[in-house]
Amino acid sequence: MMIDTHCHLDSKDYDNIEEVIKHMENNIMIVSTASPSDIKDVVTLCEKYNNIYGTIGIHPEFADSYNSEDLKNVEKYLKHPKIVGIGEVGLDYHYRQDNKEKQKELFIKQINLANSYHKPLVIHSRDSLEDTYNILAKYKNKDLKGIMHCFSGDVNYAKKIVNLNMYLGIGGILTFKKEKKLKEVVKTLDVQYLVLETDSPYLTPEPFRGKKNEPVNIKYVALKIAELKKEKIGKILEITTENALGIFDLKL
Ligand code: NI
């Protein structure tokens, strides 16, 4: 079994979403909101398909525009049995650096929600790893788990992050020919700290780079990890699945 710990399944992105979901028969997908308006859609998918679970939250891109209703909505649906985490939430300094304080404030609010509801965090951090790390270290309950989605730091940060009871979400970037830093991270860290993700419809792994991504492509990420670790792919799938089941407390 494989678990895609982070994907977006918006019907606007796919001609035939039923087909995409069918490709993951007997596997599990954790669908994440990209915007506060996605919450309802994620809940609908979770209710329709046995093998889909969701994480909901307010992405840092909306730090200026979200309202208190959005946060209340996150809290309301956190009580849904198939909403298994808060995400994606975090900090993104790639496009905006003028509202860092607002982004941090929203991030901390959602870490506090994760703490009170004992729901793992799925973190988006772009060009903001130092602040993300410091905030997690200060505000996240020690025993609360989470995933650094699309981890892009170096080995040093990878070690610091996993010491916070966090896992590294490894996706298609690992398969890119020019990518070196992430390969070093995967070679160095034990598989017990890794989970698989696609971030579909983005970040399609080789050999399909350039095409639209879909959850079933995590097998190419697992293959690359197996190659780098000189392990069998079955072993990589077994350990990363076990990790994901534990993080999201999934009882199958
Ligand atoms: Ni994403």
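Rules used in this analysis
- Residues numbered from 1 in each chain as written.
- Predicted model: local features only at pLDDT ≥ 70, side-chain atom pairs only at ≥ 80, totals over all residues.
- Heavy atoms only, no water.
- Helix = DSSP H or I, 4+ residues; strand = E, 2+ residues; numbered from the N terminus.
- Rg over C-alpha atoms; globule rule 2.2 N^0.38 Å.
- Buried < 20%, exposed > 50% of the residue type's maximum accessible area, 1.4 Å probe, protein only.
- Contact = heavy atoms within 4.5 Å.
- Areas by Shrake-Rupley, 256 points an atom, 1.4 Å probe, with all protein chains shown as cover.
- Lys, Arg positive; Asp, Glu negative; His and termini not counted.
- Charge placed at Lys NZ, Arg CZ, Asp CG, Glu CD.
- Core = buried A, V, L, I, M, F, W, Y, C linked by side-chain atoms within 4.5 Å.
- Arc of directions from axis to C-beta.
- Donors = N, O, S within 2.8 Å, 3.2 Å for Na, K, Ca; no water.
- Tetrahedral: all angles 85-135°; square planar, octahedral: opposite > 155°, others 65-115°.
- Pairing = 2+ DSSP bridges.
- Axes fitted to C-alpha atoms, helices over the stretch in contact; angles between N-to-C directions.
- Polar contact = N/O pair within 3.5 Å; in protein donor to acceptor, adjacent residues only side chain to side chain.

## Digging into the overall build of the protein
Logical step 1: Along the backbone of the protein there are nine helices and eight strands.
Logical step 2: Rg of the C-alpha trace for the protein: 17 Å, near the compact-globule value of 18 Å for 252 residues, within the 12% margin.
Logical step 3: Oriented by its inertia axes, the alpha-carbon framework of the protein measures out at about 45 × 40 × 35 Å.
Logical step 4: Split into buried and exposed, the 252 residues of the protein put 58% on the buried side.
Logical step 5: If you take every contact in the protein between residues at least 6 apart in sequence, the share linking residues at least 24 apart comes to 70%.
Logical step 6: For the protein, the accessible surface area stands at approximately 11,900 Å², while carbon and sulfur atoms represent 48% of it.
Logical step 7: Counting 37 positive and 37 negative side-chain charges, the protein places the centres of these two groups 4 Å from one another.

## A look at the nonpolar core
Logical step 1: Counting residues in hydrophobic clusters, the biggest one holds 71 residues, and the most contacted among them are L9, F151 and L168.
Logical step 2: Ignoring sequence-local partners within four residues, the contact set of F151 consists of L129, Y157, A158, I161, L168, G169, L182 and V185.
Logical step 3: Of all hydrophobic cores here, the second largest spans 14 residues; its members include Y53, L245, I247 and F248.

## Re helix α3 (residues 68-77)
Logical step 1: Burial in α3 covers these residues: D70, L71, V74 and Y77. For α3, the angular spread of buried residues about the axis comes to 135°, placing them on one side.
Logical step 2: Looking at the buried side of α3, the elements it contacts are α2 (39-48), β3 (52-56), β4 (83-92) and α4 (100-117).

## What to know about the side chain of N27
Logical step 1: Examined against the element boundaries, N27 turns out to sit in the loop between α1 (17-22) and β2 (28-32).
Logical step 2: When sequence neighbours within four positions are dropped, the list of residues in contact with N27 reads M1, M2 and N51.

## Section: the coordination of the nickel ion
Logical step 1: The protein atoms that coordinate the nickel ion are H6 (NE2), H8 (NE2), E88 (OE) and D199 (OD), at distances of 2.2 Å.
Logical step 2: Given four donor atoms and angles of 85 to 173° at the metal, the environment of the nickel ion is assigned as irregular.
Logical step 3: Written as a sequence motif, the donor residues of the nickel ion are H-x1-H-x79-E-x110-D. You can see H6 sitting in strand β1 (residues 3-7) and its partner D199 sitting in the loop between β8 (194-196) and α8 (218-229), a full 193 residues away along the chain. Grouping residues by exposure puts H6 and D199 together as buried.

## A look at the sheet that holds β3
Logical step 1: Taken together, the eight strands give an open sheet; going across it, the order is β1-β2-β3-β4-β5-β6-β7-β8, and neighbouring strands pair in parallel fashion. Looking at the sheet topology across the chains shown, the edges are occupied by β1 and β8. Each adjacent strand pair in this sheet contributes to an overall mean axis angle of 30°, direction not counted.
Logical step 2: Pairing of β2 with β3, which is carried by four bridges, proceeds in the parallel orientation. When the sheet's bridge partners are listed, S32 is paired in β3 with T55.
Logical step 3: Here α2 sits on the sheet and contacts β2, β3 and β4; the angle it forms with β3, its principal contact strand, is near 160°.
Logical step 4: Where α4 meets the sheet, it contacts β4 and β5 (121-126), and its direction lies at approximately 160° from that of β4.

## As for the environment of K48
Logical step 1: With respect to the helices and strands, the residue K48 is situated in helix α2.
Logical step 2: A distance of 3.2 Å separates polar atoms of two side chains, one belonging to K48 and the other to E18.

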